[in-house]
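Residue-level structural notes
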Amino acid sequence: MRLILMGPPGAGKGTQATSVAEHFGIPAISTGDIFRANVSAGTELGVTAKQYMDAGEYVPDEVTNEMVRNRINEPDAEPGFLLDGYPRTTAQVTELDAMIVATGHRLDAAVCLTVDSEELVARLLKRALTDGRADDTEDVIRKRQEVYAAETEPLIGIYRERGILVEVDGMGEVVEVTTRVFAALDIIPES
Ligand code: AMP
């Protein structure tokens, strides 16, 4: 199973990614988490990524693509993977296609979580209080929504045209959204 999980910042991608990946026994690969781990560890990649992340901008494609290529070539991703937060640009879509074709597989579905913009900002401001993420300030939150609309929203049309887009209402409680994601992917919940 090869899946991507899309949606604007604050849509709940990370939370849902964990449940879906666990169901399929595949790793949930979050580019944002990998960048944050590198920032904390003070690696060269982290130093590069931090300046973009703190400004609410995307890390350059070359850096991000290479990081994802290395990660999905790890043995645990051989049976499949769920990408959380990648691809985010049309150039990344092309790169991901090439990476998957090279392994003789295909992308099974692109799940997109939809959430009202006011709710997104409210969720991120709440997260700022609990998680203390450097990019959860009001200005940066606004910038990230703008970058998403300009760079990533067009990807929805690309996957819709391919017939693999699965749109899921991301409003409401976490468990309700998980139920919708599972239903959309035809997953029978374990009792
Ligand atoms: P996230 O945790 O998914 O909200 O990502 C946090 C930040 O990491 C983003 O605002 C970007 O600066 C960076 N980032 C994560 N994924 C990507 C990506 N696919 N392309 C470029 N930058 C990314």
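As a starting point, this report considers the structure included with it. Bear in mind the structure is a predicted one, so any value in this text is a computation, not a measurement. (Residues numbered from 1 in each chain as written. Predicted model: local features only at pLDDT ≥ 70, side-chain atom pairs only at ≥ 80, totals over all residues. Heavy atoms only, no water.)

A short note on the layout of surface pockets
Put simply, the largest pocket is a space of about 1200 Å³. Lining the largest pocket are 45 residues, and of these Gly10, Lys13, Gly14, Arg127 and Arg133 lie nearest its centre. With seven residues, the single largest contributor to the lining of the largest pocket is helix α6 (residues 117-131). (1 Å grid on protein atoms, 1.4 Å probe; cavity = no way out; pocket = protein on both sides within 12 Å on 5 of 7 lines; lining within 4 Å. Points joined across faces, edges and corners; volume = space filled by probe spheres on them. Helix = DSSP H or I, 4+ residues; strand = E, 2+ residues; numbered from the N terminus.)

Quick word on the site of the ligand
Neighbouring residues of the ligand: 15 residues in total, closest Thr31, Arg36, Glu57, Gly85 and Arg88. Within the side chain of Arg133, one N or O atom sits 3.3 Å away from an oxygen atom of the ligand. Expressed as a share of its isolated accessible area of 480 Å², the protein-covered part of the ligand is 96%. Judged by its atoms lying within 2 Å of the grid points, the ligand is housed in the largest pocket. (Near = heavy atom within 4 Å. Polar contact = N/O pair within 3.5 Å; in protein donor to acceptor, adjacent residues only side chain to side chain. Areas by Shrake-Rupley, 256 points an atom, 1.4 Å probe, with all protein chains shown as cover. Sits in = over half its atoms within 2 Å of the grid points.)

A few points about helix α3 (residues 44-55)
Turning to α3, its buried residues are Gly46, Ala49 and Met53. Looking straight down α3, one finds that the buried residues subtend no more than 70° of arc, so they occupy a single side. Facing away from the buried side of α3, by more than 90 degrees, are the exposed residues Glu44, Val47 and Gln51. Check the buried side of α3 and you find it contacts α2 (31-41) and α7 (138-152). (Buried < 20%, exposed > 50% of the residue type's maximum accessible area, 1.4 Å probe, protein only. Arc of directions from axis to C-beta. Contact = heavy atoms within 4.5 Å.)

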